[in-house]
Amino acid sequence: MLKVLAGTFVSLLVLLGVFVGVVYATTEVPSPDSIANEQTTVVYYADGVTEMARLNDGENRTEVSLEQISEPARNAVLAAENRAFYSDPGISFTGIVRAAWNNLTGGSTQGGSTITQQYVKNAFLSSDQTFSRKFKELFLAVKLDNEYSKDEILQNYLNTIYFGRSAYGIEAAANTYFGVPAAQLTPEQGAVLAVLIRNPAANDPESNPEGAQKRWGLVLDAMVEQGWLDSAARDAAVFPPVLPRTGSGAGIPAGPEGLIVRQVIAELRKSPFSYDDDDIYTGGLRITTTVDKAKQDAAVAAVNDVMAGEPQNLQEALVAIDPKTGGVMAYYGNAQASSDDPAVDTTDYAQALKQPGSSFKPYTLATALMNGYSVDTRRDGTSPQEFEDRPGLPVVNSGNAQCANCTLKEAMTKSLNTTYYGLAYEVGPELVADTARQAIGLPEVWDQERNDPTVPEGLTGKPTLASAETGVTGGSIGIGEYEVRPIQQAAGFATFAAGGVRHNTHFVASVAGSDGNVLGTGSTASEQAIPADVASDVTFALEDVAESSKLPLDGDRPVAAKTGTQGANRTDNSDAWMVGYTPSISTAVWIGTRGTEAIENASGRIIYGSGLPGEIWQQFMDTVLEGTPEEPLPSKALIKGDPDKSIPEPTTEAPASTSEARATATTVDDGGAEARARERARQEAERAAQLAEEARRSAAAEASRSSAANQSSTPPAAPTCGVDGLPACSVPTG
């Protein structure tokens, strides 16, 4: 009987041995390289080193080699999880037996696993604590231990283990908890991370500081026992500070930089990259942007400094572009890119469509320069004036300024509406629109694909730079009637700064894989959008604006600029702009509201382009240009123009004799045209005064605030636009 039982037992052992041998032989261990771990995409500033954001789709992961993980951190994990890792066969027999017993008896299924077993479970199996899963784990772990080195297994383990706060792998964890790469982890920091492996949520120092510190001390003690930490260093160890949790979604910052990241993501989805969201969020990409960290900081500081204490309904945008490349160097569209509070406005105002007012006049001038005019062409800039495309609706200059005989350059500096409305009407409003589209890179139609949420419903599918109601472009384009974005104004002026060459506006400089290999570069396409001589003369015409607006740059650095203000009604403004450039940077600043509310500063005074927007622009430009070489701008006009386009230049010579006067009458005064212009100016000035008096009586309170404005221009006298169904009026500042 004993022999029978012994024989049966031996036979069972043989069968078990054969079974185990067959299972072991047929068990295939997937290559660690075949595991497609989701990896975090990192967005960098232009230096390619300073991080702006880490993108993830719920998982924050960055793979590194074992050499890129500090030895103290490795030892801390071994001390916490598997001190005999380098000598064990890859499995824990006691853990397997305990799991089997508990599974049979209904007890806890939690077993003590080796690092190799944990890696097998995390990488190849489910997390179920069952006998069958443990059985598979056993064979895979043993075979893995035989086929791969301990260093390879440890490296892959440290790249897959979860540390909490959406951080997968020790590199992501080091950055999440301490803001450092894994290579710089100290023994104290490594012990904090090691404690998290067993139960990340329960052992997070922020939610359970007492428990985390207790287990942290045990890990350090184990490191001393293993000879991995000096006892003196253990006695001196202090629990390291841990970064607070962040609540931003998918790794997108909640502050101003979050809006940059959103633009980067949108650009990556388009040609030439055409990445899908899996590529972007989990592909481990290394994205270097065109945004300069110092310039971005200067943009945020300028907005915060100037707008401190100003009304909360005011919104701001600042965009700076490199004219030589089209790369966005600084970008501010809102103080908050996201918020858990639905009442918080997180609109990206750098992309908002707003009426540019007089900051659009340079495109009108460029069009005229291409059609026989020059910056020295003289025009009648008296106010008010009526034009054929708006009979009975006179155009008025800001402050009802008068200039019966100004050059186009002078009219630009004085920001004369009548001059530039008339100029646009004469050369053709559609030609002005075409010029602006070329300089900016505007499409013919707003959101033709109907997938741009930044385009209002009333403009979707409608022609750009035209009336949304009629689709017609009128003479009012000359003074900024039609909507553009702040980023587009920065781009258009960058074209002038680059001698008429338009570079595609872009945020992405380059994209590399997690291994560092470059996968693609940002758009470098360019074209000669504006003739070089035209761009030069536009720049020449803009060179006196900043100084006349009391916004010179430090050291009287040469700069071309234009202010702009959009009137909301007879007495209020809705948008204010300052746009200007040197050959190396083009910056647009806008201030307004979410809609078209009246904009007033903290003193209750109307905001003009030369006010708060100009102050932001000036501070930013002075900051980013400090210490850089001064760059010259054109010193003279290149285009001569057709003399017939001008009214006669006023004479300053002594009165001629009767016979001389008769002989020269047609050349000096063209039959008394100048005298008639002066008489017309006098009559229209009287009419403007009457209109102003009527406006003052009907809106005394508003007019009182307007007259008290201390920004570099006074409010317009009784404008006849922007109300009663008339087109919105531009109220530019000088």
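Residues numbered from 1 in each chain as written. Predicted model: local features only at pLDDT ≥ 70, side-chain atom pairs only at ≥ 80, totals over all residues. Heavy atoms only, no water.

## Some words on the packing of aromatic side chains
Two descriptors summarise a pair of aromatic rings, namely the distance from one centre to the other and the angle between the planes of the rings. Filter applied, for reference: Pairing of aromatic rings covers Phe, Tyr and Trp, the last through its six-membered ring, and needs centres within 6.5 Å; plane angles under 30 degrees mean stacked, over 60 mean edge-to-face, and all others mean tilted. Helical segments are the DSSP runs of H or I of at least four residues, strand segments are the runs of E of at least two, and each set is numbered from the N terminus. Summary of the burial criterion: residues with accessible area below 20% of their type's maximum are buried, those above 50% are exposed, and those between are partly exposed, where the area comes from a 1.4 Å probe applied to protein chains only. By definition here, charges over rings are those cases where NZ of Lys or CZ of Arg is within 6 Å of the ring centre and within 35 degrees of the ring normal.
Summed over all chains, the structure comprises 12 aromatic pairs. Ring geometry for F273 versus Y275: centroids 6.0 Å apart, planes at 25°, classification stacked. Between F493 and F496, the ring centres sit 6.2 Å apart and the planes meet at 70°, which makes this aromatic pair edge-to-face. Here F496 and F493 lie together in helix α18 (residues 486-497), a separation of 3 residues that amounts to about one turn. Like F493, the residue F496 is buried in the burial classification. For the cation-ring pair, K293 lies above Y45, with the distance from its terminal atom to the ring centre recorded as 5.6 Å.

## With respect to the packing of helix α14 (residues 361-369) against helix α19 (residues 532-542)
This is how it is decided: Note on geometry: axes are C-alpha line fits, over the in-contact stretch for helices, and angles between N-to-C directions span 0 to 180 degrees. An angle below 35 degrees is read as roughly parallel, one above 145 as roughly antiparallel, one from 65 to 115 as roughly perpendicular, and any other as oblique. If you view the pair so one helix is near and one far, a crossing is left-handed when the near helix is turned anticlockwise from the far one by less than a right angle, and right-handed when it is turned clockwise. Working rule for contacts: check all heavy atoms of both residues, and any pair within 4.5 Å makes them a contact. By the convention adopted, Pro, Cys, Tyr, Trp, Phe, Met, Ile, Leu, Val and Ala count as nonpolar, Lys, Arg, Asp and Glu as charged, and the other residues, Gly among them, as polar.
Relative to each other, α14 and α19 sit at 135°, their axes nearing to 9 Å. In this view, α14 runs oblique relative to α19, as classed from their interaxial angle. Seen along the crossing, α14 lies across α19 with a hand that is right-handed. Only V534, D537, V538, A541 and L542 of α19 make contact with α14, whose side of the interface consists of P362, L365, A366 and L369. Partitioning the contact of α14 with α19 into residue classes produces 8 nonpolar, no polar and 1 charged.

## Some remarks on the sheet that holds strand β2 (residues 51-55)
Put simply, the rule reads: Two strands make a pair as long as DSSP finds a minimum of two bridges between them.
Read across the open sheet, the 5 strands follow the order β2-β1-β5-β11-β12; overall the sheet is mixed. Since the sheet does not close on itself, it has two edges, and those belong to β2 and β12 (518-521), each with one partner. Ignoring strand direction, the axes of neighbouring strands in this sheet form an average angle of 20°. For strand β1 (residues 41-44) and β2, the ladder comprises 4 bridges, and the chain directions are antiparallel. Looking at the pairing, T41 lines up with L55 of β2. Contacts between helix α11 (residues 256-268) and the sheet are confined to β2, β5 (286-289) and β11 (508-512), with β2 contributing the most and set at about 60° to the helix.

## Considering the pattern of salt bridges
Basically, it comes down to this: By definition here, a salt bridge exists when the distance from a side-chain nitrogen of Lys or Arg to a carboxyl oxygen of Asp or Glu is within 4 Å.
Scanning all chains against the criterion turns up 16 salt bridges. A salt bridge links E51 to R54; its shortest N-O distance comes to 2.9 Å. The class of R54 is buried, set by a relative accessible area of 12%. Among the ionic pairs, D452 bridges to R485, the shortest N-O distance being 3.1 Å. On the criterion of sequence distance, the pair formed by D452 in the loop between α17 (429-440) and α18 and R485 in the loop between α17 and α18 is long-range, its members being 33 residues apart. Residue class for D452 comes out partly exposed when judged on its relative accessible area of 25%. Here the salt bridges do not stand alone but share partners, grouping D434, R437 and E444 into one network.

## Some words on the sheet that holds strand β16 (residues 585-592)
Read across the sheet, 5 strands follow the order β7-β6-β16-β15-β14 without closing on themselves; strand pairing throughout is antiparallel. Of all the strands in the sheet, the pair left with one neighbour each is β7 (328-332) and β14 (560-567). Direction aside, the axes of adjacent strands within the sheet are offset by 10° on average. Pairing between β14 and strand β15 (residues 573-582): 8 bridges, direction antiparallel. Residue G564 lies in a different strand from β15, and its bridge partner there is W577. Relative to β16, helix α21 (residues 612-625) is tilted by about 150°, and along the sheet it contacts β6 (315-321), β7, β14, β15 and β16.

## So, the confidence of the model for the protein
Rules: What pLDDT conveys is the predictor's confidence in a given residue, as a value from 0 to 100.
The share of residues in the protein with pLDDT of 70 or more is 77%, and the mean pLDDT across the chain is 83. Here residues 654-678 is a poorly scored stretch, pLDDT under 50, and it has 16 contacts once near neighbours within four places are set aside; other chains count.

## Quick word on unusual backbone geometry
Residue P272 follows S271 across a cis peptide bond; omega there is 15°. Looking at the secondary structure, you find P272 in the loop between α11 and α12 (277-282).

## Brief notes about the pairing of β15
The element β15 is largely enclosed, with a buried count of 10 among its 10 residues. Between β14 and β15, which pair antiparallel and follow one another directly, the connecting turn spans 5 residues. The sheet contact formed by β15 and β16 spans 7 bridges and is antiparallel. The residue bridging A576 from the neighbouring strand is I591, located in β16. Hairpin connection between β15 and β16: a loop of 2 residues separates the two successive antiparallel strands.

## So, the nonpolar core
Definition in use: Nonpolar cores are built from buried Ala, Val, Leu, Ile, Met, Phe, Trp, Tyr and Cys residues. Side-chain atoms within 4.5 Å join them into one set.
Within the largest apolar cluster, 92 residues are counted, with the highest numbers of intra-cluster contacts made by L268, Y331, L365 and L465. Of the residues forming this core, the biggest block, 7 residues, is contributed by α18. Excluding residues that lie within four positions of it along the chain, L365 makes contacts with V375, L408, M412, Y420, V538 and A541. By size, the runner-up hydrophobic cluster in this structure holds 45 residues, among which are Y157, L158, I170 and V195.

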